[in-house]
Structures are given as C-alpha cells and as structure tokens.
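So the chains spell out like this:
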Amino acid sequence: MTTERFSRFSILSLSFVACLGLGLTGVIAHAQLETEPHPLDTFIKGVTNFSEPTGVRGTVRYIEKDRETLWLNWKQRSDARPLFETGWKFVPGDATLAVHPRDSEQWEKLLNLSKDLPLELIIQDDGKGHRHILSYQDISGGPKVPL
C-alpha cells in the first residue's frame, strides 16, 4: 500500500513540477517578447524620427492657415547629412506629413505655394513635437542631374 501512495505522490509531484516549468518558460518567453520591439514599430519610429536634420520630398497637399501648417504628400526621406544629395528612400503608402515654418517670414513665402507642387525640404523636430522647416526648394523642374 505504501508503494501505491508513493506512486500517486510521485505522479502529482512530477505533474506539478512540469506545470511549473511550463509556466516559467511562458513567463520568460513573454519577457523576451516585451524587450524586443516589433519590426514594424522599429520601422515606423525610424521613418518618423526627425531629431536630426532630415531631408524629405513630397508634394504640397494642403496649407492650414489657422495652425500655420504645411501638409505634404510625403514620398521620400534621406538621412544623408549635410547635403542630402543621396540616400533617398521611398516612404511606403500614402503618407502625409505636417511641417511648420521656422519663422513668420518663411510662413509668408509658404502661403504662395500651389497644391501638388513638388518640394524638397530639410526639417527637424523641435523637441516639442513640431517639425520645423530648416530650408526648402521647389523641385518641379526635376532633380539636378550632372551631364
């Protein structure tokens, strides 16, 4: 009789240890998943990081006069500082980007831009969530290509 009780006790103990082991494995796997960001999150954070001067290309979508905001149909991005002559990468989908003038003089010039005008801008985040235009140029004549 004692061997039967010991067997039942052993089976229960082994079952408990197995469940505990599986539970710990799940907790560890979950912790590892939380420390590694999803690739899409990493991509989005990278594309929308404007903490350093960043080149962007797009077309004028809308000028929001109330908030002094220029909305772009955003097409390309470059981090190739300082001249942004290379390193242009396409932004997937139909991305829209809001940018703000650096001062009132620049805003007055931006008000004259027409819809769908292709622009190349250098922008940077001011740390408060606003992307300011450091410089911009009309590229409707096409990019400059050496002969």
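First, a word on scope: everything that follows refers to the structure included in this document. Every chain is numbered on its own, with residues counted from 1 as its sequence reads. Given that the model is predicted, a residue must reach a pLDDT of at least 70 before its local features are reported, and side-chain atom pairs must reach 80 or more before they are shown or counted; all residues, however, enter totals for whole chains, interfaces and linings. Calculated side-chain values reflect all of the structure's heavy atoms, with hydrogen atoms and water omitted.

**What to know about the nonpolar core**
Consideration 1: Grouped together as the largest cluster of nonpolar side chains are 20 residues, with contacts concentrated most on Leu70 and Leu121.
Consideration 2: Working definition: helices are DSSP H or I runs of at least four residues, strands are E runs of at least two. Numbering for both runs from the N terminus. Where this core is concerned, the elements lending two or more residues are β1 (54–64), β2 (69–78), β3 (89–99), α3 (104–110) and β4 (118–125).
Consideration 3: Here this core gets four residues from one element, more than from any other, and that element is β3.
Consideration 4: Sequence-distant contacts of Leu121, that is, excluding residues within four places in its chain, are made with Thr54, Gly55, Val56, Leu70, Leu72, Val99, Ile133, Ser135 and Tyr136. The term nonpolar core refers to a set of buried residues drawn from Ala, Val, Leu, Ile, Met, Phe, Trp, Tyr and Cys, joined through side-chain atoms within 4.5 Å. For the exposure calls, accessible area comes from a 1.4 Å probe over protein chains only, and a residue counts as buried if that area is under 20% of its type's maximum, exposed if over 50%, partly exposed in between. Should any heavy atoms of two residues lie within 4.5 Å, those residues are counted as being in contact.

**Topic: the sheet that holds β2**
Consideration 1: Criterion used throughout: strands pair if DSSP finds at least two bridges between them. With respect to topology, five strands assemble into an open sheet ordered β3-β2-β1-β4-β5, the strand pairing being antiparallel. The two strands at the open ends of the sheet, each matched to only one other strand, are β3 and β5 (131–138). The mean angle between the axes of side-by-side strands here comes to 35 degrees, regardless of whether they run parallel or antiparallel. Every axis in this analysis is a line fitted to C-alpha atoms, fitted for helices over the stretch in contact. Angles between the N-to-C directions lie between 0 and 180 degrees.

**Some details on the side chain of Thr69**
Consideration 1: Along the chain, Thr69 turns up in strand β2.
Consideration 2: The exposure class assigned to Thr69 is buried, which follows from its relative accessible area of 3%.
Consideration 3: When near neighbours in sequence (up to four residues on either side) are disregarded, Thr69 contacts Tyr62, Ile63, Glu64, Ala98, Val99, His100 and Trp107.

**Comments concerning unusual backbone geometry**
Consideration 1: A positive phi angle, near 55 degrees, is found at Phe84, a position not held by glycine.
Consideration 2: Counting through the fold element by element, Phe84 comes out in the loop between β2 and β3.
Consideration 3: With a relative accessible area of 4%, Phe84 lands in the buried category.
Consideration 4: One non-glycine residue, Asp116, adopts positive backbone phi at about 70 degrees.
Consideration 5: Take Asp116: it is sitting in the loop between α3 and β4.

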